[in-house]
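Secondary and tertiary structure notes
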Amino acid sequence: MPKISGFTMYECDRPGKVHKNGQKPAEWIKPEDIRNSGWFDGSYVDANGVELPIILCPACAAQFEEIEKGQRVQMTAFANGAV
């Protein structure tokens, strides 16, 4: 079997119980693979104001994006005096 280098292993940081099969999604991906765009490798600020790193699978990344969008809408309303 040949040796193939240059992969990154992604595993969702959310608990397995929140995923359909009860397990954390994980996969090995090469940097140029289109699947990289679905994973979120970034950070968030927790309830205590601490910035924490997080890796999210494509399904959780979509949920995270919706949460952030809702927060941006609320902050815009607040800044404009609507709240």
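Each residue is numbered by its place in its chain's sequence as written, counting from 1. Local features in this predicted model are restricted to residues of pLDDT 70 or higher, and side-chain atom pairs are both shown and tallied only at a pLDDT of 80 or more, whereas totals for entire chains, interfaces and linings draw on every residue. Based on all heavy atoms of the structure, the side-chain values leave hydrogens and waters out of the count.

Each helix is a run of H or I in the DSSP string that is no shorter than four residues. Each strand is a run of E no shorter than two, and both are numbered from the N terminus. Broken down by element type, the chain carries one helix and four strands. Helices (α) and strands (β) of the chain occur, in sequence order from the N terminus, as β-β-β-β-α. With the C-alpha coordinates aligned to their principal axes, the bounding extent of the chain is approximately 65 × 30 × 20 Å. Split into buried and exposed, the 83 residues of the chain put 16% on the buried side. In what follows, a contact means two residues having at least one pair of non-hydrogen atoms within 4.5 Å. Considering only residue pairs separated by 6 or more positions, the chain has 26% of its internal contacts joining residues 24 or more positions apart. Each accessible area is a Shrake-Rupley estimate made with a 1.4 Å probe; only the visible protein chains count as cover when residues are assessed. Accessible area of the chain: about 6,600 Å², with a carbon and sulfur share of 56%. In this tally, Asp and Glu contribute negative charge and Lys and Arg positive charge; neither His nor the terminal groups of the chain are included. We put the charge of a Lys on NZ, of an Arg on CZ, of an Asp on CG and of a Glu on CD. Taking the average location of the 9 positive side-chain charges in the chain and that of its 11 negative ones, the two points are 5 Å from each other. Exposure is judged per residue with a 1.4 Å probe applied to protein chains only, and the accessible area is read against the type maximum: over 50% gives exposed, under 20% gives buried, and values in between give partly exposed.

Attention now moves to the side chain of His19. Mapped onto the secondary structure, His19 falls in the loop between β1 (8–11) and β2 (26–29). Since its relative accessible area comes to 10%, His19 is described here as buried. Within polar-contact distance, the side chain of His19 engages the backbone oxygen of Pro15 at 3.2 Å. When sequence neighbours within four positions are dropped, the list of residues in contact with His19 reads Cys12, Arg14, Lys24, Pro25, Cys57 and Cys60. N or O atoms closer than or at 3.5 Å make up a polar contact, with two conditions inside protein: a donor-capable atom paired with an acceptor-capable one, and, for residues adjacent in sequence, both atoms drawn from side chains.

We call Phe, Tyr and Trp rings a pair once their centres come within 6.5 Å, taking the six-membered ring for Trp, and we label the pair stacked below 30 degrees between planes, edge-to-face above 60, and tilted otherwise. Overall, the coordinates contain two aromatic pairs when judged by the stated rule. Consider the rings of Phe40 and Phe64, whose centres lie 4.9 Å apart with planes at 40°: the pair is tilted. You can see Phe40 sitting in strand β3 (residues 40–45) and its partner Phe64 sitting in helix α1 (residues 58–79), a full 24 residues away along the chain. Residue Phe40 is classed as partly exposed on the basis of its relative accessible area, which comes to 25%. In this structure Phe64 comes out as buried when scored by relative accessible area, which is 16%. The positively charged end of Lys30 is found above the aromatic ring belonging to Phe7, 4.8 Å away from the centroid. When the NZ atom of lysine or the CZ atom of arginine is within 6 Å of a ring's centre and also within 35 degrees of its normal, the charge is said to sit over that ring.

Attention now moves to a nonpolar patch on the surface. Patch members must show over 30% relative accessible area and no salt bridge, and they are joined within 9 Å when carrying like charges or within 5 Å when they are nonpolar side chains of Val, Leu, Ile, Met, Phe, Trp or Tyr. Salt bridges are identified by distance alone: a Lys or Arg side-chain nitrogen within 4 Å of an Asp or Glu carboxyl oxygen. Residues Ile4, Phe7, Met9 and Trp28 make up a contiguous nonpolar surface patch of roughly 440 Å² in combined accessible area. Tracing the sequence through the fold places Met9 in strand β1. Judged by relative accessible area, Met9 falls into the partly exposed class, the value being 38%.

As far as function goes, none of this settles anything; it's purely spatial.
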